[in-house]
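Observations on chain architecture
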Amino acid sequence: MYCCVIDVCGDYATVRYERTGAESQVALALLPDGVDVGDRLKFENFEYERA
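Conventions used here
Sequence positions are assigned chain by chain, starting from 1 and proceeding in written order. Note on the predicted model: pLDDT of at least 70 is required for a residue's local features to be given, and 80 or more for side-chain atom pairs to be given and counted; whole-chain, interface and lining totals, by contrast, use all residues. Only hydrogens and water are set aside; all other atoms, that is, all heavy atoms of the structure, feed into the side-chain values. Salt-bridge detection follows one rule: a side-chain nitrogen of Lys or Arg within 4 Å of a carboxyl oxygen of Asp or Glu. Secondary structure elements are defined from DSSP: runs of H or I of at least 4 residues count as helices, runs of E of at least 2 residues count as strands, and each element is numbered from the N terminus. The buried label applies to any residue whose accessible area, calculated with a 1.4 Å probe on protein chains only, is under 20% of its type's maximum; exposed applies above 50%, and partly exposed to all values in between. Paired strands, in this sense, are two strands between which DSSP finds at least two bridges. Aromatic contacts are taken between Phe, Tyr and Trp rings whose centres are within 6.5 Å, Trp giving its six-membered ring; a plane angle under 30 degrees counts as stacked, one over 60 as edge-to-face, and the others as tilted. Two conditions define a charge located above a ring, namely a distance within 6 Å from the ring centre to NZ of Lys or CZ of Arg, and an angle within 35 degrees of the ring normal.

Observations regarding the pattern of salt bridges
Enumeration over the complete set of coordinates arrives at five salt bridges. The salt bridge involving R40 is made with E18; its shortest N-O contact spans 2.8 Å. Separated by 22 residues along the polypeptide, R40 in strand β4 (residues 40-44) and E18 in the loop between β2 (12-17) and β3 (23-27) bring together distant segments of the chain. Its relative accessible area of 38% is what places R40 among the partly exposed residues. Residue class for E18 comes out partly exposed when judged on its relative accessible area of 44%. Close ionic contact of E49 with K42 constitutes a salt bridge, the shortest N to O distance being 3.8 Å. One network of salt bridges, in which partners are shared, links K42, E44 and E49.

Set out below in structure tokens:
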């Protein structure tokens, strides 16, 4: 499942999933280092990686 980072605030990033349009807050500790607004990520097997 692919998503895009739409906001980074404190220790959390808000991501929007492409397939559903749903938004979710994800702890930065679970995301790749240096993630920033506009980055596209792939969520698979409960892990996020750059797409």
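Looking at the pairing of β2
Pairing of strand β1 (residues 2-9) with β2, which is carried by six bridges, proceeds in the antiparallel orientation. Residue pairing in the sheet places C4 in a bridge with R16 of β2. In sequence, β1 turns back onto β2 through a hairpin of two residues, with G10 there showing a positive phi of about 65°. In this structure, β2 lies alongside β3, joined through five bridges in antiparallel fashion. From the neighbouring strand, A13 faces β3, where its bridge partner is V26.

A few points about the packing of aromatic side chains
Using the criterion set out here, one finds two aromatic pairs in the structure. Here F43 and F46 contribute two aromatic rings whose centre-to-centre distance is 6.3 Å and whose plane-to-plane angle is 85°, an arrangement assigned as edge-to-face. What makes F46 exposed here is its relative accessible area of 78%. A centroid spacing of 4.6 Å and a plane angle of 40° characterise the contact between F43 and Y48, whose relative ring orientation is tilted. Since its relative accessible area comes to 21%, F43 is described here as partly exposed. Since its relative accessible area comes to 13%, Y48 is described here as buried. Among the aromatic residues, ring-to-ring pairing joins F43, F46 and Y48 into one connected group. Above the face of the Y2 ring, R40 is positioned so that its terminal group lies 4.2 Å from the ring centre.

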